[in-house]
Amino acid sequence: MKSLLIIFSLILCSSIITVRSQLTTDFYDNTCPNLLKIVRQEIKKAIENEMRMAASLLRLHFHDCFVNGCDASLLLDGSDGEKFAGPNLNSARGFDVVDTIKSAVESSCSGVVSCADILAITARDAVLLSGGPSWKVLLGRRDGLVANQTGANTGLPSPFETLDKTIEKFAAVGLNLTDVVSLSGGHTIGLAKCATFSQRLFNFSGTGAPDSTLETNMLSDLQNLCPTNGDGNKTTALDRNSTDLFDNHYFKNLLNGKGLLLSDQNLFSSDLAVSTTKTLVGSYSNDSSLFFNTFASSMINMGNISPLTGSAGQIRKNCRVVN
Ligand code: HEM
Ligand SMILES: *[C@@H]1O[C@H](CO)[C@@H](O)[C@H](O)[C@H]1NC(C)=O
Ligand SMILES: *[C@@H]1O[C@H](CO)[C@@H](O)[C@H](O)[C@H]1NC(C)=O
Ligand SMILES: *[C@@H]1O[C@H](CO)[C@@H](O)[C@H](O)[C@H]1NC(C)=O
Ligand SMILES: *[C@@H]1O[C@H](CO)[C@@H](O)[C@H](O)[C@H]1NC(C)=O
Ligand SMILES: *[C@@H]1O[C@H](CO)[C@@H](O)[C@H](O)[C@H]1NC(C)=O
Ligand SMILES: *[C@@H]1O[C@H](CO)[C@@H](O)[C@H](O)[C@H]1NC(C)=O
């Protein structure tokens, strides 16, 4: 009898946990009814001030979710933080804007909304306000207690690596080929530094020649922008056709050898692409609404990576420090 009771309560507990681990779109409807309006207004202001901020904010959600799940671990300050990991150092930006959004949210509903959820809403609004698709953001994530610099160094994809490695890193967080290609379309907005693609421009992989997949006009343009021993911090558009507009031109670029990063062009031009990602690139380049719909569902997939829910983690008061 007693063991039956224990089994029964175990089942009850685990079903509660299952229910709680589901994020929902209405999570803050009672506790912070104006949340979505507040965030939208703050993002509008930030983008009016600097259009690139949309891209930077979208990237923050990605870099958060790939490391210990979407738990705002990226936002934690400190020398052992993720901000100092290779992919983020002197690169990830928008932390001050996140602070501003968090303050605005706190002054309306204090201690209720997680920084991880703010990043998820922010990413959606950044895409929408750049001309991209919208989707209903799932909410109810809580904030992590630790940053993971090693995790950021090993888990985030690198612009220099091969397609199979990129695919592997997405698979490690439960994302498939469709997600790899559609989410790479995030590179339809924003900028990248010379240091992230200049290895393609003069002596690619020790061949003595540039990357032969790179379209010749764009190549000479980039060679001028990023000469050997030049300033690696100089930036150029990831989608040179429409820098600030969220559209499917990123994929058209790949068909024409105009992907900026090696990891971009690999989706169409690497040997492995033929059997994996090339067809998807073609489809999205042809069909903007297919890209938009797939991007939206892949963003939801990415936002679902290992969320902390229930009583795990905490709701940070200040996104930069644990309470
Ligand atoms: C597929 C693997 C990916 C690699 C290797 C990669 C790599 C990079 C690199 C090297 C930069 C330039 C950073 C700099 O120069 O400071 C960048 C920028 C950016 N990435 Fe990715 N990325 C990937 C996937 C994604 C995903 C999934 C998203 C979002 C859905 C995304 C969104 C962005 C955005 C919006 C920017 C521009 C940021 C800005 O202008 O501040 N990337 N990425
Ligand atoms: C950091 O990330 C790595 C790679 O995902 C993982 O194995 C490790 O457990 C994480 N460490 C912490 C403290 O979360
Ligand atoms: C990836 O997963 C989605 C569901 O999230 C599915 O619709 C899609 O077909 C999958 N793609 C591949 C290449 O398996
Ligand atoms: C290109 O790089 C390789 C290996 O790093 C080197 O041996 C070669 O001399 C370089 N070629 C040119 C033309 O600079
Ligand atoms: C870019 O600027 C940062 C900060 O000023 C500097 O530490 C870094 O070395 C520069 N990176 C490159 C690739 O030039
Ligand atoms: C972008 O592409 C469109 C359609 O191919 C073209 O008409 C337009 O001139 C391009 N814009 C830029 C800035 O390259
Ligand atoms: C794009 O669509 C056209 C017309 O449906 C088709 O002929 C072409 O093969 C498609 N291109 C790609 C790259 O899928």
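Residues numbered from 1 in each chain as written. Chains lettered and ligands numbered in written order. Predicted model: local features only at pLDDT ≥ 70, side-chain atom pairs only at ≥ 80, totals over all residues. Heavy atoms only, no water.

### Re the site of ligand 1
Next, step 1: Residues in close proximity to ligand 1 total 26 residues, the closest being Arg52, Ser56, Ser91, His187 and Lys193.
Next, step 2: The backbone of leucine 191 places a nitrogen or oxygen atom 2.9 Å from an oxygen atom of ligand 1.
Next, step 3: Within the backbone of lysine 193, a nitrogen or oxygen atom sits 2.7 Å from an oxygen atom of ligand 1.
Next, step 4: Residue assignment for the shell around ligand 1 shows that the elements contributing at least two residues are helix H3 (53-65), helix H7 (163-172), helix H8 (177-184) and strand S1 (191-193).
Next, step 5: The element best represented in the shell around ligand 1 is H3, accounting for five residues.
Next, step 6: For the shell around ligand 1, the per-class residue count stands at 12 nonpolar, 10 polar and four charged.
Next, step 7: Both domain 1 (23-156) and domain 2 (163-300) contribute no fewer than three residues apiece to the shell around ligand 1. (Near = heavy atom within 4 Å. Polar contact = N/O pair within 3.5 Å; in protein donor to acceptor, adjacent residues only side chain to side chain. Helix = DSSP H or I, 4+ residues; strand = E, 2+ residues; numbered from the N terminus. Nonpolar A, V, L, I, M, F, W, Y, C, P; charged D, E, K, R; others polar. Domains from an automatic or database assignment.)

### Focus on the site of ligand 5
Next, step 1: Around ligand 5, the structure places Asn90, Ala195, Gly232 and Asn233.
Next, step 2: Bound to the protein, ligand 5 loses 37% of the 360 Å² it would expose on its own.
Next, step 3: Per-class residue counts for the shell around ligand 5 are one nonpolar, three polar and no charged. (Areas by Shrake-Rupley, 256 points an atom, 1.4 Å probe, with all protein chains shown as cover.)

### Topic: the state of the cysteines
By definition, a disulfide is the covalent link that joins the sulfur atoms of two cysteine residues.
Next, step 1: Summed over the entire model, instances satisfying the criterion amount to four disulfides.
Next, step 2: Between the sulfur of cysteine 115 and that of cysteine 319 lies a disulfide, 2.1 Å long from S to S. On the sign convention where negative means left-handed, the S-S torsion of about -95° between cysteine 115 and cysteine 319 marks this disulfide as left-handed. Highlighted residues: cysteine 115 in helix H5 (residues 115-128) and cysteine 319 in the segment after helix H13 (288-303), separated in sequence by 204 residues.
Next, step 3: Two residues share a disulfide in this structure: cysteine 194 and cysteine 226, whose sulfurs sit 2.2 Å from each other. One disulfide, between cysteine 194 and cysteine 226, carries an S-S torsion of -70° and so falls in the left-handed class. A residue pair is termed long-range when its members are at least 10 positions apart, and cysteine 194 in the loop between S1 and helix H9 (216-225) and cysteine 226 in the loop between H9 and strand S2 (235-237) qualify at 32 residues.
Next, step 4: Using a relative accessible area of 2% as the deciding quantity, one classes cysteine 194 as buried.
Next, step 5: Overall, cysteine 226 belongs to the buried group, its relative accessible area being 3%.
Next, step 6: For the protein chain, the bonded cysteines connect in the pattern 1-4, 2-3, 5-8, 6-7 when numbered consecutively along the sequence. (Disulfide = S-S within 2.5 Å. Buried < 20%, exposed > 50% of the residue type's maximum accessible area, 1.4 Å probe, protein only.)

### Looking at the coordination of the iron atom of ligand 1
Next, step 1: Counting protein donors to the iron atom of ligand 1 gives just one, His187 (NE2), placed at 2.1 Å.
Next, step 2: Structurally, histidine 187 can be placed in the loop between H8 and S1. (Donors = N, O, S within 2.8 Å, 3.2 Å for Na, K, Ca; no water.)

### Topic: the domain arrangement of the protein chain
Next, step 1: The domain boundaries assigned to the protein chain delineate domain 1 (23-156) and domain 2 (163-300).
Next, step 2: Here domain 1 and domain 2 have C-alpha centroids that lie 24 Å from each other.
Next, step 3: Counting residues at the interface gives 23 residues for domain 1 and 17 residues for domain 2.
Next, step 4: Overall, the association of domain 1 and domain 2 removes approximately 1,600 Å² of surface from exposure, summing both partners, and the carbon and sulfur fraction of that is 73%.
Next, step 5: For the domain 1 face of the interface with domain 2, the top three residues by lost area are Arg52, Phe66 and Trp135, together amounting to 32%.
Next, step 6: Here domain 1 is connected to domain 2 by zero salt bridges.
Next, step 7: On inspection of domain 1 and its partner domain 2, the count reaches three residue pairs in polar contact (both at pLDDT 80 or more).
Next, step 8: Of all the elements in the fold, those that place two or more residues in the side of domain 1 that touches domain 2 are H3, H5 and helix H6 (149-155).
Next, step 9: When residues of the side of domain 1 that touches domain 2 are assigned to their parent elements, the largest contribution, four residues, is made by H3.
Next, step 10: Here the residues of the side of domain 1 that touches domain 2 sort into 12 nonpolar, nine polar and two charged. (Contact = heavy atoms within 4.5 Å. Buried area = accessible area lost by both parts, 1.4 Å probe. Salt bridge = Lys/Arg side-chain N within 4 Å of Asp/Glu carboxyl O.)

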